[in-house]
There are 2 protein chains.
Amino acid sequence: MKNEPIYIIGGGPAGVAAAVYLKRFSHDVQVIEPNPMLGGQVMIPHIIENYLGFPTGINGFEFASILNQHVTDLQIPIVHQKVTEIKKIDDHVFLIHLDNDETLTGKYVLCALGTKNRPLDIPGEKEWTGKGVSTCGTCDGPLFKNKTIAVVGGGDTALTETLFLSTYAQTIHLFHRRDSFRGFDSLVKKIQSIPSITIHYSSIPVEIHGNNTVTAMTYQNIETHQIFKLPVNGVFVFAGYIPDTTICNTLVDVDEKGYIIVNAQNETKTQGFYAIGDISSKSLRQIVTAMNDGAVAANHIHHDILNSLV
Amino acid sequence: MKNEPIYIIGGGPAGVAAAVYLKRFSHDVQVIEPNPMLGGQVMIPHIIENYLGFPTGINGFEFASILNQHVTDLQIPIVHQKVTEIKKIDDHVFLIHLDNDETLTGKYVLCALGTKNRPLDIPGEKEWTGKGVSTCGTCDGPLFKNKTIAVVGGGDTALTETLFLSTYAQTIHLFHRRDSFRGFDSLVKKIQSIPSITIHYSSIPVEIHGNNTVTAMTYQNIETHQIFKLPVNGVFVFAGYIPDTTICNTLVDVDEKGYIIVNAQNETKTQGFYAIGDISSKSLRQIVTAMNDGAVAANHIHHDILNSLV
């Protein structure tokens, strides 16, 4: 069953699952991931509580290490480059252009690029990134021991990270644009029970101020329209995610939010081009749903190759 | 967010995933599972190699124990009864009849019954079950130390169990009705490399013979039509799976193989009635795809309840 390699672009849970399944089906598969370590966004949370197999939870970095071990044990090659563009040149050949000007060719390509953090797009955000503005609690939490911080966001990531940050920061102001939370109720209850956390419902950040490092954040209550300026030492942004399909936008259709439209086999509109994990249009983005996509697409490719041999 | 309980029928990976997600969303959820231990078919394989998180594999029973711990830690109640029938009595109420004549009522029901082993339906199979005919390598393998056994089946389960049984049996005859294997190539290669395993391609069992215990199996080569009688001490049957939708057949449509037809949210044709995991119509039946279904259905129910409160 030798063919040219099947390329998986992105080494998060979806990409790793696809790689492991394809390799176990004995196909030649390679993962293209610019980061030195596989795992993608999985690496960020201090604890993952909703992946079955780890009842007391598992640290994101530790889980990413396990994913790396799966890939290493199966001797799946990793191309540590960034993809700049993917084109289809005829019915059966994709060209994958890399940052280092190399070009790979393959018959099957899986896009597992995941999502990026959604920026707030407010004054001061870019300017103070790395100087008090952060998108990673695990990385930067310890820098804010006994300090006052703002956390922006109302999703599960924002809540999980707020809990984690509360073990360092003296005071946390959590800003949520809605008037209630829609995620895991267990998380919401924990957050509400911690005295050092103040929740600001119906509130959005307007500007981040600094002087060498972050000094304050201006926010608005969207019901009363009142504007407040709050002294803080840091701002953690967990305001959701956005997909980036620039490298493959001629190959796919996207939904109204920009996610790649796929069928039940994770095929896009271009034959041989699959989208798996968070970048695909779907109802629930979790580790287990990403891995599901990887396994399903791998199985579909396997049967496609088997059938082409008959 | 208090309602009557959401009932999950079946405690395999799909059911456990749905239970964990629903409970973490703070819904009242109960799992209905007649067996004393949750896990379903997960319990059977001696090693699970394709669930990410365990690079060196994990024993099925051990993995089932972990699933049980998830459910215990979240204090999710388990009803240890068999469901005999499910009916919908009006737009919002399901009646779930149990073996002990009790009836439960709920607005949401998830069917996670999985599949049963497909019997060979040949003379001697029923008669010698438990006396040499088995469907569980882990349970009965040690009884065949240094003996000769037949294994029937060509799927991943058959191959995995054959490998395991080869650590006990002196000689294994593996019977596969096709002329090649279509599953994990890594497994096929391992099987082919073990001298004590003889593979009989294009061959089907015809009759199992015994005298107190199994003594022989008759089989036919379906290409040459020749019939052979082979002395064996045991027959392990891994001839695939069949869904059993008897308890809910008025509520669902099924595909040509009898699996329950669902949409992308795992809803059946009956509002409030979901099918998740192996019993649902899908392209790939794996632990991770079953858990995906459980998470997706749980998320859909959660949003359905949230929206009904607005």
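Just so it is clear, the model here is predicted, and its values are computed rather than measured.

One copy of the chain maps onto the other through a rotation about an axis plus a displacement along that axis. When chain B is fitted to chain A, the best match, at an RMSD of 0.0 Å, comes from turning it 180 degrees and sliding it 0.0 Å along the axis. In short, the pair behaves as if placed about a two-fold rotation axis. Of the residues that chain B buries at the interface, 100% are likewise interface residues in chain A, meaning the two copies contact each other through the same surface.

What follows deals with the nonpolar core. Note that soluble globular proteins tend to have their nonpolar side chains buried in a common cluster. Judged by nonpolar contacts, the single largest core of 123 residues is most densely connected at Tyr51, Phe63 and Leu110 of chain A together with Tyr51, Phe63 and Leu110 of chain B. Looking at this core element by element, the count peaks at ten residues for helix α6 (residues 287-309) of chain B. Once you skip the residues sitting within four places of it in the chain, tyrosine 51 of chain B turns out to touch Tyr51, Leu52 and His70 of chain A together with Phe63, Ile287, Val288 and Met291 of chain B.

This brings us to unusual backbone geometry. All names here are of chain B. Look at aspartate 101: it is not a glycine, yet its phi comes out positive at around 70 degrees. Along the chain, aspartate 101 falls in the loop between β5 (93-98) and β6 (103-106). Exposure remark for aspartate 101: the relative accessible area of 71% places this residue in the exposed category. Although it is not a glycine, asparagine 212 adopts a positive phi angle of roughly 75 degrees. Tracing the backbone through its elements, the reader meets asparagine 212 in the loop between β13 (203-211) and β14 (213-221).

Our next topic: the pairing of strand β11 (residues 171-175) of chain A. Residues and elements named next belong to chain A. The buried fraction of β11 amounts to four of the five residues, a majority that puts the element mostly inside the structure. Alignment of strand β10 (residues 148-152) against β11, held across five bridges, turns out to be parallel. By the bridge assignment, valine 151 is partnered in β11 with leucine 174. As paired strands, β11 and strand β12 (residues 197-200) are joined by four bridges and run parallel to one another. The partner of isoleucine 172 across the bridge, within β12, is isoleucine 197. Chirality of the crossover, the property in question, places the unit of β11, helix α5 (residues 185-192) and β12 among those that are right-handed.

All names here are of chain A. Applying the stated rule across the entire model yields two disulfides over all chains. Sulfur-sulfur distance for the disulfide between cysteine 136 and cysteine 139 comes to 2.0 Å. Across the S-S bond of cysteine 136 and cysteine 139 the torsion is about 75 degrees, and the bridge reads as right-handed. You can call cysteine 136 buried: its relative accessible area is 9%. In this structure cysteine 248 is a free cysteine whose sulfur lies 4.4 Å from that of cysteine 111, the closest cysteine sulfur available. Taking relative accessible area as the criterion, cysteine 248 reaches 0% and is therefore assigned buried.

Residue and element names in this part refer to chain B. Judged by side-chain charge, Arg118, Arg177, Arg178, Arg182 and Lys257 come together as a positively charged surface patch. Take arginine 178: it is sitting in the loop between β11 (171-175) and α5 (185-192). Using a relative accessible area of 37% as the deciding quantity, one classes arginine 178 as partly exposed.

All right, on to the sheet that holds strand β16 (residues 234-237) of chain B then. All names here are of chain B. The sheet built from five strands is open, its strands ordered β9-β16-β10-β11-β12 with parallel pairing. Each of the sheet's edge strands pairs with one partner strand only, and the pair in question is β9 (133-134) and β12 (197-200). As paired elements, β9 and β16 share two bridges and run parallel to each other. In the strand pairing of β16, serine 134 is matched with phenylalanine 236.

Okay, the environment of isoleucine 242 of chain B next. Residues and elements named next belong to chain B. Positionally, isoleucine 242 belongs in strand β17 (residues 241-243). With relative accessibility at 24%, the residue isoleucine 242 sits in the partly exposed group. C-alpha of isoleucine 242 to C-alpha of serine 134: the two residues are 108 residues apart in sequence and 17 Å apart in space. The contact partners of isoleucine 242, leaving out residues within four places of it in the chain, are Thr115, Lys116, Asn117, Arg118 and Pro119.

Right, let's talk about the pattern of salt bridges for a bit. For the coordinates displayed, the defined rule picks out twelve salt bridges over all chains. One salt bridge in this structure joins aspartate 293 of chain A and lysine 282 of chain A, with 2.7 Å as the shortest N-O distance. Note that aspartate 293 of chain A is positioned in helix α6 (residues 287-309) and lysine 282 of chain A in the loop between β18 (273-275) and α6, a separation of eleven residues in sequence. A residue is classified by how much of its surface remains accessible, and lysine 282 of chain A, at 23% relative accessible area, is partly exposed. The partner of lysine 269 of chain B in a salt bridge is aspartate 253 of chain B, and the shortest N-O contact between them spans 3.3 Å. Note that lysine 269 of chain B is positioned in the loop between β17 and β18 (273-275) and aspartate 253 of chain B in the loop between β17 and β18, a separation of 16 residues in sequence.

Right, let's talk about the side chain of glutamate 267 of chain B for a bit. Residues and elements named next belong to chain B. By the element assignment, glutamate 267 lies in the loop between β17 and β18. Although buried, glutamate 267 forms no salt bridge, and the nearest oppositely charged side chain, lysine 88, lies 9.3 Å from it. A distance of 2.9 Å separates a polar atom in the side chain of glutamate 267 from a polar atom in the side chain of asparagine 263. Look past the residues within four positions of glutamate 267 in its chain and what remains in contact with it is Ile261, Val262, Phe273, Tyr274 and His300.

Conventions used here
- Residues numbered from 1 in each chain as written.
- Chains lettered and ligands numbered in written order.
- Predicted model: local features only at pLDDT ≥ 70, side-chain atom pairs only at ≥ 80, totals over all residues.
- Heavy atoms only, no water.
- Least-squares fit on C-alpha atoms with pLDDT ≥ 70 in both.
- Contact = heavy atoms within 4.5 Å.
- Core = buried A, V, L, I, M, F, W, Y, C linked by side-chain atoms within 4.5 Å.
- Buried < 20%, exposed > 50% of the residue type's maximum accessible area, 1.4 Å probe, protein only.
- Helix = DSSP H or I, 4+ residues; strand = E, 2+ residues; numbered from the N terminus.
- Pairing = 2+ DSSP bridges.
- Right-handed = clockwise from strand over helix to strand, strands pointing away.
- Disulfide = S-S within 2.5 Å.
- Patch = residues over 30% accessible without salt bridge, like charges linked within 9 Å, V, L, I, M, F, W, Y side chains within 5 Å.
- Areas by Shrake-Rupley, 256 points an atom, 1.4 Å probe, with all protein chains shown as cover.
- Salt bridge = Lys/Arg side-chain N within 4 Å of Asp/Glu carboxyl O.
- Lys, Arg positive; Asp, Glu negative; His and termini not counted.
- Charge placed at Lys NZ, Arg CZ, Asp CG, Glu CD.
- Polar contact = N/O pair within 3.5 Å; in protein donor to acceptor, adjacent residues only side chain to side chain.

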